[in-house]
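Listed below are the residues making up each chain.
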Amino acid sequence: MEWLHRRFWVGAARVGLILSVVLAVAAGSVAAAPGSSAAVSTAGERALGAPVVLIADPEASRHRTPPPASAVSAVRVQSATINVNYLPSGSTDPHGQSCHTWPTAARGAFSYAAGIWEMLVSSSVPIEIDACWADLGGGYLGYAITRFGRDFPGAPVPNTWYPMALANAVYGSDLDPLWPDMHLTYNRGLGSAWYFGTDGSTPSTQYDFASVVLHEITHGLGFAGSMKVEHGWGSWGGVTGYPFSYDRFTQDGGGNSLINTTIYPNPSSALGSALTSNNVWFDGPRARSANGGTRVKLYAPSTWQPGSSYSHLDQIFNGTENALMTYSLSSGESNHSPGPVGLGVLEDVGWATGDPTPAPTVTSIAPDEGENTGSVAVSVAGSGFQSGATLRLRRAGQADIVATGVTVSAAEISGTLDLTGRATGSWNVVVTNPDAQSGTLPGGFTVTAPAPAPTVTSIAPEEGENTGSVAVVVAGGGFQSGAALRLRRSGQPDIVATGVTVSAADISGTLDLTGRATGSWNVVVTNPDAQSGTLPGGFTVTAPAPTEQGFQIFLPLLLR
């Protein structure tokens, strides 16, 4: 299988996209395909994934998985459009494989398989496929090369690669109209070993072409990750350092995320060992639900198999309704449905399907306002929040305020919002689940500027004796409920007013002056936001006036 990857990167170099063994990335634009002008990306970056292959298993099987009822119902509803460009003889795919003329029967089976997916995923943007009929040699049924995009407008999670078909669906328009969303190549060399019927009754000596097409389209829709192992070292994201959406749900046997670099540095031998441990799992909420409430085991043999390991279901799913996305197909076998697990994986990656998880709802946020001078911890109530959900504030014309330190339960999500320097006014509260569905509380949070400091203009009376208490009224502006009134003098403890009442323009209370130092004191009003206003020397503490002492004059009695 190594030849497959070596030839792929040679082919990728021909279109000027190669950056690593896993990803070929073009920032802001993509290189032109042969014979076309350059296609300029709308926004974000683009990448070309490594090929994901389906292997021919010569051991015959009579397993049959019929198409989903929704795909063959007389009242079926098409929720997506798939356009297939059958590459003509003489053209090449990104792998560098030479394409040959497509047999009419093969095209008919291809259309049938594409039609199944047109009933299962939802997109207002046509899904574009380039399909090549090539000589791949024995053992290979076909492969998928998926185009990815990240940080496009509306991307559910930043710094994450999404399959282009999904990116377009989220964005609502084709981000790269001159490029297909996926490149699919099938082995012409099997010749008469192909079965092009669509009834699932595949002879034991032939391979069901519709099953292979359905399998590779599933990869092109996002059933693929960026992990790889070379010389015992595991890595992901190529030179970009950003995971595929699929990667965000993969775990080791202990439930540790494989993209958690505190446990598995990228790259590392520890990650390589995990990826070849036969103990790798996919733990998205929809896939788990479809698998009876348990994690989904992935194919992770002790020897890394490029194009097969990690991006397929484990062999335990062979012979079940979820057999389509195992790494091989037996002769005589037909799988005309992704199965609930395969569909659940794509829903976790971000696709809306005919049986979507309900979008989250957001009912309240506490607190519902905060000043743009720092950070505020908030708690959002609602329903349908999934593990890995993000919380942000969103306002037209402004960059999102993305919460950090997020914790999630089904009915509550909490985190910290850094409001420093952000625009004042109402912001929408948005919770986005890993399946890309969002719930919004319009105008639910208000960013405020700090209130102006209070001003103190006068106090009445302006003086009092230090033999008791005096009731005072302070005039000014900007006094807030809960404000404090005091007299302050250097070297002396404050004289704090009691019985304080506050309005916006005056504050009153009682000052106990007993025994306090005589002279001028500053009048200070402090609002609950810690801002203060001062009237310097505005109040004078006096001592009582001295009292007059009575006296008698005694005159000597003079006797004569």
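Scroll up to find the structure.
Predicted model, so just to flag it, every value in this text is computed and none were measured.

**Thoughts on the sheet that holds strand S28 (residues 455-460)**
Here is step 1 of the chain: Read across the open sheet, the four strands follow the order S28-S30-S34-S33; overall the sheet is antiparallel. Each edge of the open sheet carries a strand with a single partner, namely S28 and strand S33 (498-502). Taking each pair of neighbouring strands and ignoring which way they run, the sheet shows an average axis angle of 20 degrees.
Here is step 2 of the chain: Pairing of S33 with strand S34 (residues 506-512) involves three bridges; the strand directions are antiparallel. If you follow Thr 498 over to S34, its bridge partner there is Thr 510.

**Points about the state of the cysteines**
Here is step 1 of the chain: Within this structure, the stated rule accounts for one disulfide.
Here is step 2 of the chain: Paired through a disulfide, Cys 99 and Cys 132 show a sulfur-sulfur distance of 2.0 Å. Judged by the torsion about the S-S bond (-120 degrees), the Cys 99/Cys 132 disulfide is left-handed. Separated by 33 residues along the polypeptide, Cys 99 in the loop between strand S5 (82-86) and helix H3 (104-118) and Cys 132 in strand S6 (residues 127-134) bring together distant segments of the chain.
Here is step 3 of the chain: Residue Cys 99 is classed as buried on the basis of its relative accessible area of 2%.
Here is step 4 of the chain: Taking relative accessible area as the criterion, Cys 132 reaches 0% and is therefore assigned buried.

**Topic: helix H8 (residues 339-349)**
Here is step 1 of the chain: When you tally the buried positions in H8, you get ten out of eleven residues, the bulk of the element.
Here is step 2 of the chain: Regarding H8, the residues found buried are Gly 339, Val 341, Gly 342, Leu 343, Gly 344, Val 345, Leu 346, Glu 347, Asp 348 and Val 349.
Here is step 3 of the chain: Gly 350 sits one or two residues past H8 and shows a positive phi near 145 degrees.

Thresholds applied
- Residues numbered from 1 in each chain as written.
- Predicted model: local features only at pLDDT ≥ 70, side-chain atom pairs only at ≥ 80, totals over all residues.
- Heavy atoms only, no water.
- Pairing = 2+ DSSP bridges.
- Helix = DSSP H or I, 4+ residues; strand = E, 2+ residues; numbered from the N terminus.
- Axes fitted to C-alpha atoms, helices over the stretch in contact; angles between N-to-C directions.
- Disulfide = S-S within 2.5 Å.
- Buried < 20%, exposed > 50% of the residue type's maximum accessible area, 1.4 Å probe, protein only.

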